[in-house]
Amino acid sequence: MQIEVNIAQHAYSAGGVPVLRDVSFLLNDGEIVSLVGPSGAGKSTLLNIIGGLITPSQGSVRYTVDGRDSPMPKIGYVFQSPRLMPWLTAARNISLVLEDDDSSVVANGLLERAGLSGSEHKFPGQLSGGMQRRVALARAFAVNPELLLMDEPFVSLDLPTARQLRRQMLELWTSERPIVLFVTHDFSEALSVADRVIFFSAHPGTPVLDIPVTLPRPRNSEDDIQQLRNQLLQRYPDILSGTEHLLADNPHMNSIGGIR
Amino acid sequence: MSTERQSDRLQGQSTTPVPAQGAPTRRSQRFWLRSFSILAFLLVWQVGSLFSDADTLPAPLVVLQNLWHHLTEGELLESLAATLRRVVLAFLLAMATGTLVGFWMGRSRSADSSLDSILILALNIPALVTIILCYLWIGLNEVAAVVAVAINKMPTVVVTVREGARALDRELFDVARAYRLSRWRTMRFVYLPQMMPYLMAAARSGLSLIWKIVLVVELLGRSDGVGFQLGVFFQFFDITSILAYTISFASIIMAIEFLLVQPLERKANHWRDGDAD
């Protein structure tokens, strides 16, 4: 499956200030792509558009299989906040998105893998913020998504938990090979997980740099990641503030490849 | 994005306006306070009856004897049954139509603006006018009686349910859409739990209003039921029987509240206390 994102412009109200402009890129089968950019770059909005929750003002998102249009893929969506149903237990929150009968078995298995065994019958209000996030991740994995959309899924988690959940996400990716699109503020996190990083500028959000990450997996070495990070920051000093001129300076931005 | 962030944070607080039920100890404490207030009321009544004419304010025990008499030899049970049936039918009719219209008005701005003035009108039409018009247009029958009561109640259900539908959490709805939940599952697991406090509030205020109006409807155009009987007692200045009937249906209301409404409410809110299901 491929996803062609082609958004000329998106504003929340007709004639309003655009949040996104000239966003076009291609997501390839089984690719993990990370979106990095400052606040106000419309990254969450872009995720909502690709997930079909918002229709773009101008432009479209095409899902294709072997070059032919296909219906929207099965989506696992991890929102910026956990967004669990407060009136359902952790296990029921997961089986809610599964239609089949043995869903409680699946739900309990996923919760166990997320380190939440014993919390199956607790309500979200009884779980800590980090635990709620883990339930939200388990919910996204539960549907065996073809497209996994994640909006800063590991933010405000302690380091070991974040690392554990990243590993779990990669496990899912290894077995099911969904397209993963995930938003993060954390450059190192993007480099440790993604095949490709797309940098956004703000107001309106537009991609300014699109680079492949060719570090071999598994990327267990923090040093390699930090080294790559420093290299990139040296090459593109303004990369994290998302300034426009990067595009003009780097007409071949898609062919930089093999930075390692 | 900063606004999205903010709304994310707010989401945790955007719960519905029902306080959690108390712990068992608080519950028993409440029970004693409640019993105490009833005892105090009976005491005042007893003392009052000592200082007045026995026909004007009979003592509680006299009323209780009279109640027993009506229960065993009179038509109290038949009257209560007839009234209760009308209450239930009118309640269901008002809740069903009121919920539908209220939900629609809460979700659709155009529906809201086009129906809003009619709603204000409906809220302010005196009950007596609707009752009389129903009897005149539909006839002096059961249908007219039930419809008249339902029409009186429906607008307040609409107002309450509309409030709930407006407060529905957009973010949870997006979860339902992203995971493509069926319409039924969205209704059952995403909308209904959020609407529950509003539906319970509508039901509770609905029951009390409906009792009051049903009696008027019976007084005006029915030949059975508590309202009709009260009319008869009124003609004979039988204050003791009037009080006896009042006590009998007041206790039924209390029974409905404590045995039906409150347990239902607790069940709907159990996740707030954190008892697992």
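Everything discussed here concerns the structure shown above.
Residues numbered from 1 in each chain as written. Chains lettered and ligands numbered in written order. Predicted model: local features only at pLDDT ≥ 70, side-chain atom pairs only at ≥ 80, totals over all residues. Heavy atoms only, no water.

### Structural notes on the overall build of chain A
Then step 1. What chain A contains, in helices and strands, is eight helices and ten strands.
Then step 2. On C-alpha atoms alone, chain A measures out to a radius of gyration of 19 Å, which is about the 18 Å that the 2.2 N^0.38 rule sets for 260 residues.
Then step 3. Counting only C-alpha atoms and orienting by the principal axes, one finds that chain A spans roughly 55 × 45 × 35 Å.
Then step 4. Evaluated residue by residue, chain A yields a buried proportion of 56% over its 260 residues.
Then step 5. Taking the contacts inside chain A whose residues are at least 6 apart along the sequence as the reference set, 68% of them involve residues at least 24 apart.
Then step 6. Split by element, the accessible area of chain A, about 10900 Å² in all, is 49% carbon and sulfur.
Then step 7. Taken as two groups, the 22 positive and 28 negative side-chain charges of chain A have centres that lie 3 Å from each other. (Helix = DSSP H or I, 4+ residues; strand = E, 2+ residues; numbered from the N terminus. Rg over C-alpha atoms; globule rule 2.2 N^0.38 Å. Buried < 20%, exposed > 50% of the residue type's maximum accessible area, 1.4 Å probe, protein only. Contact = heavy atoms within 4.5 Å. Areas by Shrake-Rupley, 256 points an atom, 1.4 Å probe, with all protein chains shown as cover. Lys, Arg positive; Asp, Glu negative; His and termini not counted. Charge placed at Lys NZ, Arg CZ, Asp CG, Glu CD.)

### A short note on the interface of chain A and chain B
One widely used convention gives an interface's size as the accessible area the parts lose upon coming together.
Then step 1. The interface of chain A with chain B comprises 39 residues on the first partner and 26 residues on the second.
Then step 2. Between chain A and chain B, roughly 2900 Å² of surface is buried when both sides are summed, and carbon and sulfur atoms account for 58% of that area.
Then step 3. The largest per-residue losses of area from chain A upon contact with chain B belong to L53, R83 and W87 of chain A, which jointly make up 25% of the total buried on that side.
Then step 4. Summed over the shared surface of chain A and chain B, the result is one salt bridge.
Then step 5. Here E171 of chain B and R83 of chain A are joined by a salt bridge, their closest N and O atoms 3.5 Å apart.
Then step 6. At the surface where chain A touches chain B, the tally comes to nine residue pairs in polar contact (both at pLDDT 80 or more).
Then step 7. Partitioned by chemical class, the residues of the side of chain A that touches chain B number 19 nonpolar, 13 polar and seven charged. (Buried area = accessible area lost by both parts, 1.4 Å probe. Salt bridge = Lys/Arg side-chain N within 4 Å of Asp/Glu carboxyl O. Polar contact = N/O pair within 3.5 Å; in protein donor to acceptor, adjacent residues only side chain to side chain. Nonpolar A, V, L, I, M, F, W, Y, C, P; charged D, E, K, R; others polar.)

### Points about the packing of helix α4 (residues 76-107) of chain B against helix α7 (residues 142-166) of chain B
Residue and element names in this part refer to chain B.
Then step 1. Closest axis-to-axis distance for the α4/α7 pair is 6 Å, and the angle between their directions is 35°. Considering only the axes of α4 and α7, their crossing is right-handed.
Then step 2. For the contact of α4 with α7, the class distribution of residues is 17 nonpolar, five polar and seven charged. (Axes fitted to C-alpha atoms, helices over the stretch in contact; angles between N-to-C directions. Left-handed = near helix turned anticlockwise from the far one by under 90°.)

### Comments concerning helix α5 (residues 109-124) of chain B
Residue and element names in this part refer to chain B.
Then step 1. End to end, α5 covers 23 Å across 16 residues, agreeing with the expected 22 Å (1.5 Å per residue, within 8%).
Then step 2. The largest bend along α5 measures about 45° and falls at L115.
Then step 3. Within α5 the residues assigned to the buried category are A111, D112 and L119. (Expected span 1.5 Å × (residues − 1). Bend = angle between axes of the 7 residues up to and from the residue.)

### Quick notes on the environment of F199 of chain A
Residue and element names in this part refer to chain A.
Then step 1. Note that F199 resides in strand β9 (residues 196-201).
Then step 2. By relative accessible area, F199 is classed as buried at 0%.
Then step 3. In this structure the C-alpha to C-alpha distance between F199 and L35, which are 164 residues apart in sequence, comes to 6.0 Å.
Then step 4. Residues contacting F199, with those up to four places away along its chain left out, are V36, F187, T206, P207, V208, L209, I211, I239 and L240.

### With respect to a positive patch on the surface
All names here are of chain B.
Then step 1. A cluster of basic side chains, namely R26, R27, R30 and R34, defines a positive patch on the protein surface.
Then step 2. Summarising the element assignment, R26 is placed in helix α2 (residues 24-50).
Then step 3. Overall, the relative accessible area of 46% leaves R26 in the partly exposed class. (Patch = residues over 30% accessible without salt bridge, like charges linked within 9 Å, V, L, I, M, F, W, Y side chains within 5 Å.)

### Description of the sheet that holds strand β7 (residues 147-151) of chain A
Residues and elements named next belong to chain A.
Then step 1. In spatial order, the strands read β6-β7-β8-β3-β9-β10; together these six strands make up an open sheet with mixed pairing. Two strands bound the open sheet, and with one partner strand each, they are β6 (75-78) and β10 (206-212). Mean inter-strand twist for the sheet, computed between neighbouring axes without regard to direction, equals 15°.
Then step 2. Bridge count for strand β3 (residues 32-36) against strand β8 (residues 179-184) is five bridges, and the pairing is parallel. For V36, the partnering residue across the bridge sits in β8 and is T184. (Pairing = 2+ DSSP bridges.)

### What about the packing of helix α6 (residues 127-138) of chain B against helix α9 (residues 183-221) of chain B?
When two helices pack together, their arrangement is given by the angle between their axes and by how far apart the axes lie.
Residues and elements named next belong to chain B.
Then step 1. Here α6 crosses α9 at 45°, and the two axes come no closer than 11 Å. Considering their axes alone, α6 and α9 lie oblique with respect to each other. The two elements α6 and α9 meet at a crossing, and its hand is right-handed. Seen from α6, the contacting residues are L128, I131 and Y135; seen from α9, they are I213, V216, V217, L220 and G221.
Then step 2. Residues of the contact of α6 with α9, tallied by class, amount to seven nonpolar, one polar and no charged. (Parallel < 35°, antiparallel > 145°, perpendicular 65-115°, else oblique.)

### Looking at helix α7 (residues 222-235) of chain A
All names here are of chain A.
Then step 1. With 14 residues, α7 extends 20 Å from end C-alpha to end C-alpha; this agrees with the ideal 20 Å at 1.5 Å per step.
Then step 2. All of the buried residues in α7 are I225, L228 and L232. Buried residues of α7 fall within an arc of 65° about the axis and therefore sit on the same side. With respect to the buried face of α7, the exposed residues turned more than 90 degrees away are D223 and Q234.
Then step 3. Residues of α7 that are buried make contact with α6 (187-193) and β10. (Arc of directions from axis to C-beta.)

### Some details on the pairing of β8 of chain A
Then step 1. The element β8 of chain A is largely enclosed, with a buried count of six among its six residues.
Then step 2. A crossover connection joins β7 of chain A to the parallel β8 of chain A through helix α5 (residues 159-176) of chain A; in handedness this β-α-β unit is right-handed. (Right-handed = clockwise from strand over helix to strand, strands pointing away.)

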